[in-house]
Amino acid sequence: MSAELVSGRRRGAGAFERYGLLGERALRAVATEPAAWVLALVFPVVFLAINIEALSGASALHDFPTDNIASFAIGLTFLQGALFAGVMFATDLARDIENGFMNRIALAPISAGTVLLSRLLAVAAFALVQVACFAIAGAIFGASLVDGPIELPALIGLAVLFNLAIAVVGFQLALQSGSGEMTQALFPIFFVLLLVSSALMPRGLMDAAWFHAAADLNPVSYMVEAIRSLYVTGWDASALVAGAAIALVITVAGSLFSLVRLRALLARH
Amino acid sequence: MGGSPFGIALGMARRGTKAWITSPAFVAITLFFPLIFLAALAGGLGPLYRVPGFDYPSGYSTFVFGFVVLQAAAFGGIFTGYSVARDFDLGVASRLLLGAGRRWELILGYVLVAVIRSLVAAAIVTAVALAAGVRATVSPAGIAAILALIVCLAAISTLWACGVALRARSMRAGPLMHTPILLVMFLSPVYVPAALLNGWLASIAGANPFSNVVESSRSVLGGGNPDLLITFGWLFAATVLLGIWALLGLRRAAESY
């Protein structure tokens, strides 16, 4: 595929075709890794199953928002999947820098915007697979959307947006370091963000003041709560808007910074 | 290397320990997960202590610490397995396999590295936990028991990870090393006591030997006197089985050169 783009046989290929080719390549690079399926799809579902049973007693706590632990815990599942997927897509970008693929792209009539957008499309496509997987698994375990299928577009939109937000943060480190190994250092950072959040306990019930403050400042808390609101309370405008707005700001800002770095990278060659 | 008894193992242990302590990144990553879990579980899940039937007088932080200190031991073994895989990626392993007369001592050496890493990590995690308010009522015999649990878990996780690394001979096997260990650990009473688990998890946790190890650790930390014979029986059996697993992997790796 890359030869087609560079050799000129596809010179004049339309924008959609370029996005498709590059996006397909980025998606294939991740989706054909067994680790992608295990870490970004299977692991979150396994931990959902574990957390449902392990945290079942929490529903007895005063002011716990729901009796249905599956509906409570599923927010973590979506974010866990997004975090793992984000690291993998970012690592793939870094590897493309390491192995010289970006040098070849720089010689082709392909803009930095095309490179970035195609990768974001790949992230979004993978996110759709994750949404289907997690929604079905959640339904099997007893988590159901409060207002039914009418909430599906919101669920899909939020999940895709959160995946994009996390991926563009990863793209920053990938473009900065140009190293797959360094980019994988994102995993522990994202792991901290996931654990030090309201993923496992509502913020209103947290006893430790420092943890409560950290969760308040953590954007992942709002993303988890946005997803969770669809399963626990139904249309909660404040939760949905907060999660979506934070993710949108991160996505836009991250994309702009990534675009600047990509342009500089491609211009060097 | 290796003229004196256990010379190879001690040489490997010196090499691995030196590589670890001279690399701040390696030290940090060994400590990272246990400390994060301690902070996240003790800080975020404290309200679970109020769940009716939560019977652990020493408090939720100590309850969590009983798991986290064992997790530190397991991670010491996992990261040592990564070192084995890296040795293959860098070509060092082939020289070790060719040069070592008593190859089984290579495994022993890696286990010694993991034990040292795990003890150091557990000491640091304990210091942080105590500074953060964990209160444990432990006798000298209890401390010895906890140390023995740490050593055994470090050895077991190393033997598993070594077996995987020796067969795969690449860092790409990393997920295969840590995923089963993480699953075994989380299919046990992590957040709440076993009595508060429900459904299929309660059944699996009941059959999971690691549950016994965690509950023994928590009991010792709470000043209790658990039956450690069963606990160490499980650990001994696991060590023997996984030792065979690692040695068979070593033979396979040696035959490939």
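Residues numbered from 1 in each chain as written. Chains lettered and ligands numbered in written order. Predicted model: local features only at pLDDT ≥ 70, side-chain atom pairs only at ≥ 80, totals over all residues. Heavy atoms only, no water.

## What to know about the interface of chain B and chain A
Accessible area lost on assembly of the parts is the figure often given for the size of an interface. Counting residues at the interface gives 29 residues for chain B, matched by 28 residues for chain A. Here chain B and chain A share an interface that buries about 2,600 Å² over both sides, 77% of which is from carbon and sulfur atoms. In this structure, the connection of chain B to chain A is made through 1 salt bridge. Between Asp 207 of chain A and Arg 50 of chain B there is a salt bridge, and its shortest N-O distance comes to 2.9 Å. Where chain B touches chain A, the interface holds 4 residue pairs in polar contact (both at pLDDT 80 or more). Elements supplying a minimum of two residues to the side of chain B that touches chain A: helix H2 (24-44), helix H7 (174-186) and helix H8 (199-207) of chain B. The leading source of residues in the side of chain B that touches chain A is H2 of chain B, at 9 residues. (Contact = heavy atoms within 4.5 Å. Buried area = accessible area lost by both parts, 1.4 Å probe. Salt bridge = Lys/Arg side-chain N within 4 Å of Asp/Glu carboxyl O. Polar contact = N/O pair within 3.5 Å; in protein donor to acceptor, adjacent residues only side chain to side chain. Helix = DSSP H or I, 4+ residues; strand = E, 2+ residues; numbered from the N terminus.)

## Observations regarding the confidence of the model for chain B
Residues and elements named next belong to chain B. Confidence along chain B averages 90 in pLDDT terms, with 98% of residues attaining 70 or more. For chain B, helix H4 (residues 92-99) is the element with the lowest average pLDDT, namely 80, and helix H9 (residues 209-221) is the one with the highest, namely 95. Across the whole predicted complex the pTM is 0.87, and at the interface the ipTM reaches 0.83. (pLDDT = per-residue confidence, 0-100.)

## Looking at the pattern of salt bridges
Side-chain pairs of opposite charge can arise whenever the charged atoms involved come near each other. Within this structure, the stated rule accounts for 9 salt bridges over all chains. For Asp 96 of chain A, the salt bridge goes to Arg 25 of chain A, with nearest N and O atoms at 2.7 Å. Taken together, the positions of Asp 96 of chain A in helix H4 (residues 69-98) and Arg 25 of chain A in helix H2 (residues 15-31) put the pair 71 residues apart, joining distant regions of the chain. The closest approach of N and O atoms between Arg 102 of chain B and Glu 105 of chain B, which form a salt bridge, is 2.4 Å. By relative accessible area, Glu 105 of chain B is classed as buried at 1%. In this structure, a network of salt bridges that share partners links the residues Arg 25, Asp 92, Asp 96 and Arg 119 of chain A. (Buried < 20%, exposed > 50% of the residue type's maximum accessible area, 1.4 Å probe, protein only.)

## Here's the deal with the side chain of Thr 30 of chain B
Residues and elements named next belong to chain B. Along the chain, the position of Thr 30 falls in helix H2. A distance of 3.1 Å separates a polar atom in the side chain of Thr 30 from a polar atom in the side chain of Trp 20. When neighbours within four sequence positions are excluded, Thr 30 is seen to be in contact with Trp 20, Gly 76, Phe 79 and Ala 121.

## Quick word on the packing of aromatic side chains
All told, the structure shown has 23 aromatic pairs over all chains when counted by the stated rule. Between Phe 54 of chain B and Phe 63 of chain B, the ring centres sit 5.0 Å apart and the planes meet at 65°, which makes this aromatic pair edge-to-face. Both residues of the pair, Phe 54 of chain B and Phe 63 of chain B, belong to the buried class. Cluster of aromatic residues (ring-pair linked, three or more members): Phe 43, Phe 47 and Phe 191 of chain A together with Phe 32, Phe 33, Phe 37, Phe 67, Phe 75, Phe 79, Tyr 82, Phe 186 and Phe 210 of chain B. Taking the ring centre of Phe 72 of chain A as reference, the NZ or CZ of Arg 228 of chain A above it sits at 3.8 Å. Here the basic side chain of Arg 218 of chain B rests over the ring of Phe 63 of chain B, its NZ or CZ set 3.6 Å away from the ring centre. (Phe/Tyr/Trp six-rings, centres within 6.5 Å; stacked < 30°, edge-to-face > 60°. Lys NZ or Arg CZ within 6 Å of the ring centre and 35° of its normal.)

## Let's talk about the packing of H4 of chain A against helix H11 (residues 219-232) of chain A
All names here are of chain A. Look at H4 against H11: their axes get within 8 Å of each other, and the N-to-C directions meet at 135°. One way to sum up the angle between H4 and H11 is to call them oblique. In terms of crossing hand, the pair formed by H4 and H11 is right-handed. Within the contact between the two elements, H4 uses Ser 71, Phe 72, Ile 74, Gly 75, Leu 76, Phe 78 and Leu 79 and H11 uses Val 220, Met 223, Val 224, Ile 227, Arg 228, Tyr 231 and Val 232. Its residues placed into classes, the contact of H4 with H11 shows 11 nonpolar, 2 polar and 1 charged. (Axes fitted to C-alpha atoms, helices over the stretch in contact; angles between N-to-C directions. Parallel < 35°, antiparallel > 145°, perpendicular 65-115°, else oblique. Left-handed = near helix turned anticlockwise from the far one by under 90°. Nonpolar A, V, L, I, M, F, W, Y, C, P; charged D, E, K, R; others polar.)

## Looking at the nonpolar core
Residues Phe 78, Phe 171 and Tyr 231 of chain A together with Leu 48 and Tyr 191 of chain B are the most contacted members of the largest nonpolar core, which totals 185 residues. Those residues within four positions of Phe 171 of chain A in sequence are excluded, and the remaining contacts are Phe 89, Ala 90, Leu 93, Leu 116, Arg 119, Leu 120, Val 123 and Ser 258 of chain A. (Core = buried A, V, L, I, M, F, W, Y, C linked by side-chain atoms within 4.5 Å.)

## Focus: H9 of chain B
Across its 13 residues, H9 of chain B extends 19 Å between first and last C-alpha, which sits within 8% of the 18 Å expected from 1.5 Å per residue. Tucked inside the fold, the buried residues of H9 of chain B contact helix H3 (60-89), helix H6 (140-168), H7, H8 and helix H10 (228-255) of chain B. (Expected span 1.5 Å × (residues − 1).)

## A look at a nonpolar patch on the surface
On the surface, Phe 6, Leu 10, Trp 104 and Leu 247 of chain B cluster together to form a nonpolar patch covering roughly 390 Å² of accessible area. With respect to the helices and strands, the residue Phe 6 of chain B is situated in the segment before helix H1 (7-21). (Patch = residues over 30% accessible without salt bridge, like charges linked within 9 Å, V, L, I, M, F, W, Y side chains within 5 Å. Areas by Shrake-Rupley, 256 points an atom, 1.4 Å probe, with all protein chains shown as cover.)

## Describing the packing of H6 of chain B against H7 of chain B
All names here are of chain B. Where H6 contacts H7, the axes come no closer than 9 Å and their chain directions differ by 145°. H6 and H7 meet at a crossing whose hand is right-handed. Only Leu 176, Met 177, Pro 180 and Ile 181 of H7 make contact with H6, whose side of the interface consists of Ser 157, Trp 160, Ala 161, Val 164 and Ala 165. Looking at side-chain class alone, the contact of H6 with H7 contains 8 nonpolar, 1 polar and no charged residues.

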